[in-house]
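Understanding the architecture of this molecule
Residues per chain, in single letters:
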Amino acid sequence: MIRVGLLGSGFISDTYADALQDVRNAEIVANYSRDLARATAFAEKWGPIQKQYDDIAALCADPDVDLVVIALPNEAHVDAVRIAAEAGKGIVCTKPLARTGAEAAEIVRIVREHDVWHGYAESSVFSPNIAKAHQMVAAGAIGEVLTMRAREAHSGPHAPHFWDAETAGGGALLDMGCHTVESARHFFGKDNPVTEVFAWGATMVHGDKTTGEDTAIALLKFAGGQLAQIESSWIEKGGMQLRHELVGTAGRIVTDTSNTPVWGFIENPAGYLVEKADADTGWVYPVPEEARAYGFSQEMRHFVDCFAKGVPPIETFDDGHIVNCILDACYASMRSGVWETVQLPA
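Report follows, based on the coordinates. Here the structure is a predicted model, which means the values were calculated and not measured. (Residues numbered from 1 in each chain as written. Predicted model: local features only at pLDDT ≥ 70, side-chain atom pairs only at ≥ 80, totals over all residues. Heavy atoms only, no water.)

Digging into the nonpolar core
Counting 62 residues, the largest nonpolar core has Leu220 and Phe317 as its most contacted members. Here the element with the most residues in this core is helix H12 (residues 317-336); it accounts for eight residues. Those residues within four positions of Leu220 in sequence are excluded, and the remaining contacts are Val181, Ala184, Val194, Glu196, Val197, Gln226, Leu227, Ala228, Ile326 and Cys330. Ranked by size, the runner-up nonpolar core spans 35 residues in total, among them Ala17, Leu20, Ala43 and Leu273. (Core = buried A, V, L, I, M, F, W, Y, C linked by side-chain atoms within 4.5 Å. Buried < 20%, exposed > 50% of the residue type's maximum accessible area, 1.4 Å probe, protein only. Helix = DSSP H or I, 4+ residues; strand = E, 2+ residues; numbered from the N terminus. Contact = heavy atoms within 4.5 Å.)

Brief notes about the pairing of strand E5 (residues 90-94)
Counting buried residues along E5, five of its five residues qualify, which places the element largely inside the surrounding structure. Alternating residues of E5 divide into Gly90, Val92 and Thr94 and Ile91 and Cys93, and every residue in both groups is buried. Of the pairings in the sheet, the one linking strand E4 (residues 67-70) to E5 comprises four bridges and is parallel in character. Considered in E5, the bridge of Val69 is made with Val92. Pairing of E5 with strand E6 (residues 118-121) involves four bridges; the strand directions are parallel. When the sheet's bridge partners are listed, Thr94 is paired in E6 with Ala121. (Pairing = 2+ DSSP bridges.)

Observations regarding the pairing of E6
Burial along E6 is two-sided: His118 and Tyr120 facing one way and Gly119 and Ala121 facing the other are all buried. After leaving E5, the chain enters helix H5 (residues 101-114) and then returns to the sheet as E6, a path that is right-handed. (Right-handed = clockwise from strand over helix to strand, strands pointing away.)

Structural notes on a nonpolar patch on the surface
Taken together, Trp200, Met204, Val205, Ile217 and Ile235 make up a surface patch of nonpolar side chains, about 450 Å² in accessible area. Topologically, Met204 is positioned in the loop between strand E8 (194-202) and strand E9 (215-222). When its relative accessible area of 51% is taken as the criterion, Met204 is described as exposed. (Patch = residues over 30% accessible without salt bridge, like charges linked within 9 Å, V, L, I, M, F, W, Y side chains within 5 Å. Areas by Shrake-Rupley, 256 points an atom, 1.4 Å probe, with all protein chains shown as cover. Salt bridge = Lys/Arg side-chain N within 4 Å of Asp/Glu carboxyl O.)

Looking at the packing of H5 against H12
Where H5 meets H12, the closest approach of the two axes is 8 Å, and the angle between their N-to-C directions is 165°. By the angle between their directions, the pair H5 and H12 is classed as roughly antiparallel. Taken as a pair, H5 and H12 cross one another with a handedness that is left-handed. When H5 is examined against H12, the residues Gly101, Ala102, Ala104, Ala105, Ile107, Val108, Val111 and Arg112 are found in contact with a partner set consisting of Phe317, Asp318, His321, Asn324, Cys325 and Asp328. Residue composition of the contact of H5 with H12, by class: eight nonpolar, three polar and three charged. (Axes fitted to C-alpha atoms, helices over the stretch in contact; angles between N-to-C directions. Parallel < 35°, antiparallel > 145°, perpendicular 65-115°, else oblique. Left-handed = near helix turned anticlockwise from the far one by under 90°. Nonpolar A, V, L, I, M, F, W, Y, C, P; charged D, E, K, R; others polar.)

Some details on the pattern of salt bridges
Evaluated as defined, the whole model comprises 27 salt bridges. Across the pair Asp62 and Lys51 runs a salt bridge, and its minimum N-O distance is 3.0 Å. One end of the pair, Asp62, is in the loop between helix H3 (56-61) and E4; the other, Lys51, is in strand E3 (residues 51-53), with eleven residues separating them in the sequence. Lys276 is paired through a salt bridge with Glu275; the nearest N and O atoms lie 2.3 Å apart. When sorted by exposure, Lys276 lands in the same class as Glu275, which is buried.

Here we look at the sheet that holds E4
Across the sheet, which stays open at both edges, the six strands sit in the order E3-E2-E1-E4-E5-E6 with parallel pairing between neighbours. Each having just a single partner strand, E3 and E6 make up the two edges of the open sheet. Strand-to-strand twist across the sheet, computed as the mean angle between neighbouring axes with direction ignored, equals 25°. Relative to E4, strand E1 (residues 2-7) is paired through four bridges, and the arrangement is parallel. In the sheet register, Val4 faces E4, and the bridge partner there is Leu67.

The following block contains the structure:
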């Protein structure tokens, strides 16, 4: 049994706790929040969880914890990784790995220095629809993949720290584009690097809340000649939208998580429907088993299994570092208005 210590008590922590219920060889034995009362409430919701902490170092020093899962705001990732690595724990960190490529490089340096196992929690590539599309692409179903268009959109973040672009490190592109950048790498091949990017972003709606972009589009050119277009939005009402369109020499594949098997028109609220639903009556499109539909259960199962075997997962901090470097180039392009070269890790 792999004993997990979970850092955080917000939305993504809830999602990870839900996902870990599906991992038969894992158990959450400790959880952390800056507010001990929140940690206790979290443990009561997802428990039994044996131990609650309001100090990250104390949780990481706990000999009963094998694997630390970081579900904290972006600005806390470097310090949390350092503390967990110094304690010799395996580490899973939520996306984005860091705010910048430089921060991500420091995170990679830390885990290498302490020789600890690490997994980058990029859920998109583990979601059932993406996994099936990837299987089809790998089998040659659409021939050589030429282009990908992907978009992730909703009406805006659920917590205040996301809106603080200076502290968080960016806006919608960093928050949501990290998913679609990595899914592009997943489909076009990680041995086929992104060489240059062109990006545009603007604050179109939420200028009262953030100085970061709430809308962004980026083009990614790959060394093999392929092109990915990624769209990230915090201005779209009506729940989470996550869509991929892959075009190849022998066909095309479309994935769409908003095309749910349950939908209807309701006059009375029915409780939680889906992340960022925006409305609880009228036409609604709930997502059954949300943690599973979006790949969180699958990624946690994969991470725990790989950690137990002592082998690297398919998504490591090295992948998170590359994603941050690509996004750095996108932000540089937003400022310059021209194509920018991606400075990838050596």
